Amino acid sequence: MTEHPVPAPVVPPLVRPRRLRTTPALRRMVAEQQVQARQLVLPVFIREGLTEPKPVSSMPGVVQHTRDSLLAAVSEAAELGLGGVMLFGVPETKDATGSGALDPSGVLNLAITDVVAEVGDALTVMSDLCLDEFTDHGHCGVLTADGRVDNDQTLAAYADMARAQAHAGVDMVGPSGMMDGQVRVIRDALDAFEHTDVGILAYSAKYASAFFGPFREAVDSSLVGDRRTYQQDPANAREGVREALLDVAEGADMVMVKPALPYLDVVRRVREAVEVPVAAYNVSGEYAQLEAAAERGWIDREAAILETLTSIHRAGADVILTYWASEAARLLAEISAELGELSAEKDEVEMEWLGAAEALETSMIHSLAGLIDEGGINRTRPFREPHHTASMAAIVG
């Protein structure tokens with residue numbers, strides 16, 4: 001008969017990290033990160049000429065808004081306690097220079113005025129500062145005769161666009177065109193017209209990403225070709241940090257990394273490099289792929305939404321732009337309410353136990369007093385027996 005070796009006894013682990021995962025309450029207590037509604041910004045699209053909201057087919061649940069539906073959406077955002085909204089305008093007509101972006105009566109500038117009038121200071125009203133939605137070629141700037149984006153001529157247009165948005169009442173502009181020197185030119189333009197309180201959320205590290213696809217439908221993009229001569233190479237992380245540092249030096253109040261999920265390492269590097277708040281944009285392609293998987297039943301949709309946002313916050317984002325902003329705020333509120341109910345139930349049980357303990361203590365004291373009055377216990381004799389000591393300890397405890 002073959003003898004089998006006796007297995008060595010298992011040595012119990014000295015350190016057990018699982019202890020801190022034992023109960024929901026304990027996991028909540030030691031959680032390192034928690035997304036809050038105030039950190040979320042809702043991107044919204046307003047399309048000129050619509051009579052009813054138009055769904056974006058590649059982004060289930062997202063629409064191009066009418067003026068009326070836009071106001072309903074931002075009012076809900078304010079009620080939910082979101083940090084802000086980011087407005088994108090979709091004009092009926094476009095031209096080579098994107099002149100509609102500068103028109104005080106253009107779709108985006110009117111939307112800014114409408115939203116500010118609707119929500120006041122309850123939300124930070126932000127607006128996309130870029131020409132791509134307004135140009136018939138779909139690029140983020142003015143083109144040269146041979147079809148290249150003219151950086152410095154585009155900066156002049158950005159300055160005019162910034163002044164138009166500030167005049168409309170915006171709280172913060174979001175230059176997203178990735179032109180060199182854009183933040184300084186915009187800051188100077190705003191300050192020259194006494195719009196010193198209008199902030200700048202700079203799209204500092206914006207990558208030439210395949211995850212922007214559904215967004216192009218949402219803004220009816222006219223782009224032919226790509227934007228690789230001005231948006232960043234996905235291979236480069238240090239460059240993203242450099243861009244962020246340049247924008248801060250030029251006067252950016254906040255900086256952004258876009259997209260978020262494929263660039264969480266860049267989010268972390270930027271967070272460690274700058275002292276201003278860092279935003280990350282949970283972009284359309286990230287949204288669409290999760291929605292598609294959930295629609296097929298492959299993942300738990302709500303849990304995946306909150307996990308996604310938590311991962312972006314954990315990487316270092318102070319602010320998250322996400323199409324789930326309103327829904328996530330509702331989910332977070334539901335979780336908070338459930339925890340509140342559990343806490344209330346726990347408090348009620350504790351009060352019941354406390355009441356019972358107090359009643360028992362009172363009864364025991366009265367019984368002891370009765371024995372003393374009847375002479376059953378010598379008042380002068382100390383309680384020396386162990387059971388007396390234990391009884392008294394129970395009473396006074």
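Cut-offs used in this document
Residues numbered from 1 in each chain as written. Predicted model: local features only at pLDDT ≥ 70, side-chain atom pairs only at ≥ 80, totals over all residues. Heavy atoms only, no water. Helix = DSSP H or I, 4+ residues; strand = E, 2+ residues; numbered from the N terminus. Buried < 20%, exposed > 50% of the residue type's maximum accessible area, 1.4 Å probe, protein only. Contact = heavy atoms within 4.5 Å. Areas by Shrake-Rupley, 256 points an atom, 1.4 Å probe, with all protein chains shown as cover. Core = buried A, V, L, I, M, F, W, Y, C linked by side-chain atoms within 4.5 Å. Phe/Tyr/Trp six-rings, centres within 6.5 Å; stacked < 30°, edge-to-face > 60°. Lys NZ or Arg CZ within 6 Å of the ring centre and 35° of its normal. Patch = residues over 30% accessible without salt bridge, like charges linked within 9 Å, V, L, I, M, F, W, Y side chains within 5 Å. Salt bridge = Lys/Arg side-chain N within 4 Å of Asp/Glu carboxyl O. Polar contact = N/O pair within 3.5 Å; in protein donor to acceptor, adjacent residues only side chain to side chain. Disulfide = S-S within 2.5 Å. Lys, Arg positive; Asp, Glu negative; His and termini not counted. Charge placed at Lys NZ, Arg CZ, Asp CG, Glu CD. Pairing = 2+ DSSP bridges. Right-handed = clockwise from strand over helix to strand, strands pointing away. Expected span 1.5 Å × (residues − 1). pLDDT = per-residue confidence, 0-100.

1. Side note on the overall build of the protein chain
A tally of helices and strands in the protein chain yields 12 helices and 10 strands. For the protein chain, the residues scored as buried account for 43% of the 397 residues in total. Partitioning the contacts of the protein chain with sequence separation of at least 6, the portion at a separation of at least 24 is 75%. Carbon together with sulfur atoms contributes 54% to the accessible area of the protein chain, which is approximately 21,100 Å² in total.

2. Comments concerning the nonpolar core
Residues Leu 82, Leu 87, Tyr 158, Val 270 and Tyr 281 are the most contacted members of the largest nonpolar core, which totals 99 residues. Leave out the neighbours within four places in its chain, and Val 270 touches Gly 240, Val 241, Ala 244, Val 255, Val 257 and Val 278.

3. Observations regarding the packing of aromatic side chains
Within this structure, the stated rule accounts for eight aromatic pairs. Ring geometry for Phe 45 against Tyr 323: centres 6.0 Å apart, planes inclined by 20 degrees, an arrangement best described as stacked. One end of the pair, Phe 45, is in strand 1 (residues 40-47); the other, Tyr 323, is in the loop between strand 10 (319-322) and helix 11 (325-373), with 278 residues separating them in the sequence. Phe 45 gets classed as buried once you look at its relative accessible area, which sits at 1%. Overall, Tyr 323 belongs to the buried group, its relative accessible area being 9%. Of the aromatic side chains, those joined through ring pairs into one cluster are Phe 45, Phe 88, Phe 215, Tyr 281, Tyr 287, Tyr 323 and Trp 324. The cationic tip of Lys 258 hangs over the ring face of Phe 212; the distance from NZ or CZ to the ring centre is 5.1 Å. When the ring centre of Tyr 281 is taken as reference, the NZ or CZ atom of Lys 258 above it lies at 4.3 Å.

4. Thoughts on a nonpolar patch on the surface
Taken together, Leu 20, Met 29 and Val 30 make up a surface patch of nonpolar side chains, about 300 Å² in accessible area. For Leu 20, the location among the structural elements is in the segment before helix 1 (24-29). For Leu 20, a relative accessible area of 46% gives the class partly exposed.

5. Overview of the pattern of salt bridges
Throughout the structure, instances matching the rule amount to 12 salt bridges. A salt bridge links Arg 187 to Asp 191, with the shortest nitrogen-to-oxygen separation between them at 3.0 Å. Here the residue Arg 187 and the residue Asp 191 both occupy positions in helix 5 (residues 182-192), the gap between them amounting to four residues, near one helical turn. Since its relative accessible area comes to 11%, Arg 187 is described here as buried.

6. So, the side chain of Gln 39
For Gln 39, the location among the structural elements is in the loop between helix 1 and strand 1. Overall, Gln 39 belongs to the buried group, its relative accessible area being 7%. Here the side chain of Gln 39 touches Gln 36 through a polar contact of 2.8 Å, landing on its backbone nitrogen. Ignoring sequence-local partners within four residues, the contact set of Gln 39 consists of Gln 34, His 313, Asp 318, Val 319 and Ile 320.

7. Structural notes on the state of the cysteines
One pass over the full model with this rule turns up zero disulfides. In this model Cys 130 remains outside any disulfide bridge; the closest cysteine sulfur is found in Cys 140, 3.4 Å from its own.

8. Notes on a negative patch on the surface
A surface patch of negative charge is lined by Asp 300, Glu 302, Glu 334 and Glu 338. Along the polypeptide, Glu 334 turns up in helix 11. Taking the relative accessible area as the measure of exposure, Glu 334 reaches 45% and is therefore partly exposed.

9. Observations concerning the pairing of strand 8 (residues 254-258)
Side chains on a regular strand alternate between the two faces of the sheet. Burial of strand 8 is extensive: five of the five residues sit out of reach of the surface. Neither face of strand 8 is left uncovered, since the one carrying Met 254, Met 256 and Lys 258 and the one carrying Val 255 and Val 257 both have all their residues buried. Pairing of strand 7 (residues 199-206) with strand 8, which is carried by four bridges, proceeds in the parallel orientation. By the bridge assignment, Lys 206 is partnered in strand 8 with Lys 258. Sheet analysis places strand 8 next to strand 9 (residues 278-282), joined by three bridges and oriented parallel. By the bridge assignment for strand 9, Met 256 is matched with Ala 279. Taken together, strand 8, helix 8 (residues 264-273) and strand 9 constitute a β-α-β crossover, and its handedness is right-handed.

10. Considering helix 3 (residues 107-119)
Taking 1.5 Å of rise per residue, 13 residues should cover 18 Å, and helix 3 covers 18 Å from first to last C-alpha, within 8% of that figure. Within helix 3 the residues assigned to the buried category are Val 107, Leu 108, Asn 109, Ala 111, Ile 112, Asp 114, Val 115 and Val 119. Structurally, helix 3 contributes buried residues whose contacts are with strand 1, helix 2 (67-79), strand 4 (84-90), strand 5 (124-129) and helix 4 (151-168). Once helix 3 ends, the next one or two residues include Gly 120, with phi positive near 55 degrees.

11. Side note on the confidence of the model for the protein chain
Confidence in the prediction for the protein chain averages 89 pLDDT; 86% of positions are at 70 or higher. Every residue in residues 382-397 scores below 50 in pLDDT, and together they form 10 contacts with partners more than four places removed in sequence or on other chains.

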